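Listed here are the chains, written in short residue letters.
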Amino acid sequence: MHRPSWDQYFMDITRLVATRSSCMRRQVGALLVKDRNILATGYNGVPSGITHCEAVGCLREKLKVPSGERHELCRGLHAEQNAIIQAAKHGTSIDGSTLYCTTMPCIICTKMIINAGITTVIYDEGYADELAREMIAEAAIQVVHFAAEGTGETE
């Protein structure tokens, strides 16, 4: 019997979480883990109770905003933001936790990650945000680009 590594297990769950995304452009999932326990999950999409973009249209598409720019011009939240918010809403401390994410965090999420006390980020796909990479490195947060079966590379 083959058992996945812990990183593979959590990344697989992160990909499943991403399938709940209501974003028309990109499905992203995030998972906050500490001591091999899942603390919170998040996926990108509009806030609770707000009409999904598929019903009203994508503002970023309408305005032709390129990926990685003008994050405020979006009805939705990022997966990392939603995971952090879910932990706060339910009174769960995420200080010292690991963030698993299908995409490397943007600068807005990176600032939240730093202040939330998240110590490690393990991501699957890259994201074109040089400032995010610079700030996460300056904060001494361990960043690992995930590869199948947990053979990631520390950045």
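No experiment lies behind these values; they were computed from the predicted model shown. (Residues numbered from 1 in each chain as written. Predicted model: local features only at pLDDT ≥ 70, side-chain atom pairs only at ≥ 80, totals over all residues. Heavy atoms only, no water.)

Engineer: In this structure, what is going on with the nonpolar core? I would like to understand it.
Structural biologist: Proteins that are soluble and globular tend to have nonpolar side chains buried together. One finds Leu32, Leu99, Ile113 and Ile118 to be the most contacted residues of the largest nonpolar core, which totals 22 residues. Elements represented by at least two residues in this core include exactly strand S1 (29–34), helix H4 (79–89), strand S3 (98–103), helix H5 (107–116) and strand S4 (120–125). With 4 residues, H4 is the largest single contributor of residues to this core. Setting aside residues up to four positions removed in sequence, Ile113 forms contacts with Ile84, Leu99, Pro105, Ile118, Val121 and Ile141. Phe10, Leu31, Val33 and Tyr100 belong to the second largest nonpolar core, which has 8 residues in total. (Core = buried A, V, L, I, M, F, W, Y, C linked by side-chain atoms within 4.5 Å. Buried < 20%, exposed > 50% of the residue type's maximum accessible area, 1.4 Å probe, protein only. Helix = DSSP H or I, 4+ residues; strand = E, 2+ residues; numbered from the N terminus. Contact = heavy atoms within 4.5 Å.)

Engineer: Which parts of the structure should I look at to understand the packing of aromatic side chains?
Structural biologist: Aromatic rings considered in pairs are described by the distance between their centres and by the relative angle of their planes. A full pass over the atoms with the stated rule returns 4 aromatic pairs. For the pair Phe10 and Tyr100, a centre-to-centre distance of 5.3 Å together with 45° between the ring planes defines the contact as tilted. Of the two residues, Phe10 is situated in helix H1 (residues 6–18) and Tyr100 in strand S3; the sequence distance between them amounts to 90 residues. Take Phe10 and Tyr100: they sit in the same class, and that class is buried. In this structure an aromatic cluster arises from ring pairing among Trp6, Tyr9, Phe10 and Tyr100. (Phe/Tyr/Trp six-rings, centres within 6.5 Å; stacked < 30°, edge-to-face > 60°.)

Engineer: Before we go on, may I ask you to explain the pairing of strand S5 (residues 142–145) in this structure?
Structural biologist: Judged from the 4 bridges that link them, S4 and S5 form a sheet pairing that is parallel. Counted as the bridge partner of Tyr123 is His145 from S5. Following the backbone out of S4, through helix H6 (residues 130–138) and into the adjacent parallel S5, one traces a crossover that is right-handed. (Pairing = 2+ DSSP bridges. Right-handed = clockwise from strand over helix to strand, strands pointing away.)

Engineer: So what exactly am I meant to see when it comes to the pattern of salt bridges here?
Structural biologist: One side chain can pair with another of opposite charge once the charged atoms of both are near each other. Enumeration over the complete set of coordinates arrives at 5 salt bridges. A salt bridge links Arg15 to Asp12, with the shortest nitrogen-to-oxygen separation between them at 3.1 Å. Here Asp12 and Arg15 lie together in helix H1, a separation of 3 residues that amounts to about one turn. By relative accessible area, Arg15 is classed as partly exposed at 30%. Classification of Asp12 as partly exposed rests on a relative accessible area of 37%. Ionic pairing is found between Arg133 and Glu130, a salt bridge with its closest N-O pair at 3.2 Å. Of this pair, Arg133 and Glu130 are both found in helix H6, 3 residues apart, which corresponds to roughly one turn of the helix. Glu130 gets classed as partly exposed once you look at its relative accessible area, which sits at 47%. One network of salt bridges, with partners in common, ties together Asp12, Arg15 and Asp124. (Salt bridge = Lys/Arg side-chain N within 4 Å of Asp/Glu carboxyl O.)

Engineer: Hey, could you run me through the packing of H4 against H5 in this one?
Structural biologist: Each packed pair of helices is defined by two parameters, the angle between the axes and the distance between the axes. Across the interface, H4 lies against H5 with an axial gap of 9 Å and an inter-helix angle of 30°. The orientation of H4 with respect to H5, classified from their angle, is roughly parallel. The handedness of the crossing between H4 and H5 comes out as left-handed. Across from Glu80, Gln81 and Ile84 in H4, the residues of H5 making contact are Ile108, Cys109, Met112 and Ile113. Per-class residue counts for the contact of H4 with H5 are 5 nonpolar, 1 polar and 1 charged. (Axes fitted to C-alpha atoms, helices over the stretch in contact; angles between N-to-C directions. Parallel < 35°, antiparallel > 145°, perpendicular 65-115°, else oblique. Left-handed = near helix turned anticlockwise from the far one by under 90°. Nonpolar A, V, L, I, M, F, W, Y, C, P; charged D, E, K, R; others polar.)

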